[in-house]
Amino acid sequence: VHAANDELRKKLVPTTKYTMHELRKGLIDTLLYKPKRLRAIMLEVALIKDINVHPEAAEELAEFAKVIIDSVPGAKLVVNLIPFNDIGHPTYRKPSDEDVKVFQNILWERGIFTHIR
């Protein structure tokens, strides 16, 4: 998803056609059709220094995820945080390990299970 904020997400994924609200609704509707034991979802976020690794972005993602968890009985949601690999891009850089841990801790504190890849 890369960002729960539509404006930022559109900058990061310019080909996106749907708002985060529309995506979340579609995801919830799909999960509700599945048996409870199959209601697993992984959200992946590439974290980019000075772009989407700030606490506000973590709060927005936590809220996005909590709505899914609260709307889908038995949902098992995991967020996979992927620090951007620094490949010499002029704008996008790898975030610090500390910033990634702060982001993860915000999600953990809100009950969102989170991995760092």
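Okay, so let's go over this structure.

Thresholds, definitions, all that
- Residues numbered from 1 in each chain as written.
- Predicted model: local features only at pLDDT ≥ 70, side-chain atom pairs only at ≥ 80, totals over all residues.
- Heavy atoms only, no water.
- Helix = DSSP H or I, 4+ residues; strand = E, 2+ residues; numbered from the N terminus.
- Buried < 20%, exposed > 50% of the residue type's maximum accessible area, 1.4 Å probe, protein only.
- Lys, Arg positive; Asp, Glu negative; His and termini not counted.
- Salt bridge = Lys/Arg side-chain N within 4 Å of Asp/Glu carboxyl O.
- Contact = heavy atoms within 4.5 Å.
- Polar contact = N/O pair within 3.5 Å; in protein donor to acceptor, adjacent residues only side chain to side chain.

Quick look at the side chain of R24 now. By the element assignment, R24 lies in helix α2 (residues 20-33). Of the buried charged residues, R24 lacks a salt bridge, with E63 as the closest side chain of opposite charge at 5.6 Å. With residues near it in sequence (within four places) discarded, R24 still touches E63, F64, V67 and I68.

For the rest of this paragraph, the subject is the pattern of salt bridges. Under the counting rule described, the total for this entry stands at six salt bridges. K11 serves as the salt-bridge partner of E7, at 3.9 Å between the closest nitrogen and oxygen. Taken together, the residues E7 and K11, both in helix α1 (residues 6-12) and four residues apart, mark about one turn of the helix. Looking at K11, the relative accessible area reads 58%, which means it is exposed.

Moving on, we come to the side chain of T16. By the secondary structure assignment, T16 is in the loop between α1 and α2. At 2.6 Å, the side chain of T16 forms a polar contact with the side chain of R9. At a separation of 3.4 Å, a polar atom in the side chain of T16 contacts the main-chain carbonyl oxygen of Y18. Those residues in contact with T16 that sit more than four places away from it in its chain are R9 and K10.

What follows deals with unusual backbone geometry. In terms of backbone geometry, most residues other than glycine have negative phi values and most peptide bonds are trans. Phi is positive for H2, which is not a glycine, with a value near 70°. If you trace the backbone, H2 turns up in the segment before α1. Positive phi is not limited to glycine here, since D50 has a value of about 65°. Positionally, D50 belongs in the loop between β1 (40-47) and α3 (55-71).

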